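Each chain, letter by letter, is given below.
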Amino acid sequence: NLKRLSAEGKGIGFVVSPRATNEEIFMISRIASLLNNSRIASSAHYRTSKVVHAFRRMGISPVYDYEKIKSCETIVVAGADLLINNHLLANKVREAVKLKGTRIIVVDPLGSSLARIADAHLKVIPGRDAEVFNALSRKLLGEGKYNKEAESFAGFSTLKKSLSKAAEEDTRSAGGVDNEMLQKAYRLISDADNIGVIFASGITDNEESLTALLNFCLLKGLPERGLIMPASLQSNALGAVSLLKGMVSPDSLLADSGISGLFLYEDDPFEYLNGGFVKESLGKKDFI
């Protein structure tokens, strides 16, 4: 039926779960390539795709190594509850704390699984994470404790200028975070040669927060002297983004009247999209 619809000049859409393996994702992309006017979507588009594009724009590799956690003196966990996002990652962080004495900083308005063992918990006002990371970056620049290799980055002068312009702001209330706790977090960061930054949807949902966090990472020499890890609810979201070139969002695919046939691979749009919208969109398709 999909082949028949394709032969009639109608569009075929593929919605692939970001939990699928690389082999499965590649297989689906090959099947899609055999049909005319085919398009592929994945819910990895919503957050992970945004992160990967930001990484590439700033010259950061999205690839990371779990083992590098053990070499980090301080780990910043921002906008992520690791017990929910990634159990394996949460256990690796705990191992670093127990075996290496790694210090933990949690940036989150609510208490998370790691907040209970954190050395500093920055209770930021939702949506104002950028203020916290910009404040930390300003102090690193002001005290000269940033990685000097950052000066070779194309956007360094622009970053320094933008942060200096905001230097007169009252940083004592950056993001609504207690100033004493912010200063404690800064000491843990500035004195550490290798730090790790783990973040999730609490950061990626806000482009300004994501940019501020990545600027901070570059000033600390990450990922060369530490690591940056975007945590995701989907176990293979990064693989989906890497393999599915030209990926679109599932909602745009479902709403496209030119898509008559749908192939849903291990995916249920009702889990993450408005149920009424999904039901109405699926009802307009010729074959699923």
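Here, every reference points to the structure presented above.
Residues numbered from 1 in each chain as written. Predicted model: local features only at pLDDT ≥ 70, side-chain atom pairs only at ≥ 80, totals over all residues. Heavy atoms only, no water.

(A) Highlighting the pattern of salt bridges. In the structure shown here, the tally under the stated rule is 12 salt bridges. Ionic pairing is found between Glu-67 and Lys-70, a salt bridge with its closest N-O pair at 3.1 Å. Close ionic contact of Arg-103 with Asp-119 constitutes a salt bridge, the shortest N to O distance being 3.0 Å. Within this pair, whereas Arg-103 is found in strand E4 (residues 103–107), its partner Asp-119 is found in the loop between E4 and strand E5 (120–122), the two being separated by 16 residues in sequence. (Salt bridge = Lys/Arg side-chain N within 4 Å of Asp/Glu carboxyl O. Helix = DSSP H or I, 4+ residues; strand = E, 2+ residues; numbered from the N terminus.)

(B) Representation of the state of the cysteines in the model. In the structure shown here, the tally under the stated rule is zero disulfides. Residue Cys-72 stays outside any disulfide, its sulfur separated by 11 Å from that of Cys-217, the closest cysteine. Of the residues examined, Cys-72 reaches a relative accessible area of 3% and is grouped as buried. Since its relative accessible area comes to 0%, Cys-217 is described here as buried. (Disulfide = S-S within 2.5 Å. Buried < 20%, exposed > 50% of the residue type's maximum accessible area, 1.4 Å probe, protein only.)

(C) Examining the packing of aromatic side chains more closely. A full pass over the atoms with the stated rule returns four aromatic pairs. Seen from their ring centres, Tyr-46 and Tyr-272 are 6.1 Å apart, and the 65 degrees between their planes marks the pair as edge-to-face. Placement of Tyr-46 in the loop between strand E2 (38–41) and helix H3 (48–57) and of Tyr-272 in the loop between strand E8 (259–265) and helix H13 (275–283) is noted, with a sequence separation of 226 residues between them. With a relative accessible area of 29%, Tyr-46 lands in the partly exposed category. Residues Phe-133 and Phe-216 carry aromatic rings whose centres are separated by 5.6 Å and whose planes lie at 50 degrees to one another, so their mutual orientation is tilted. Taken as a pair, Phe-133 in helix H6 (residues 129–142) and Phe-216 in helix H10 (residues 207–219) lie far apart in primary sequence, 83 residues in all. An identical accessibility class is assigned to Phe-133 and Phe-216; each is buried. (Phe/Tyr/Trp six-rings, centres within 6.5 Å; stacked < 30°, edge-to-face > 60°.)

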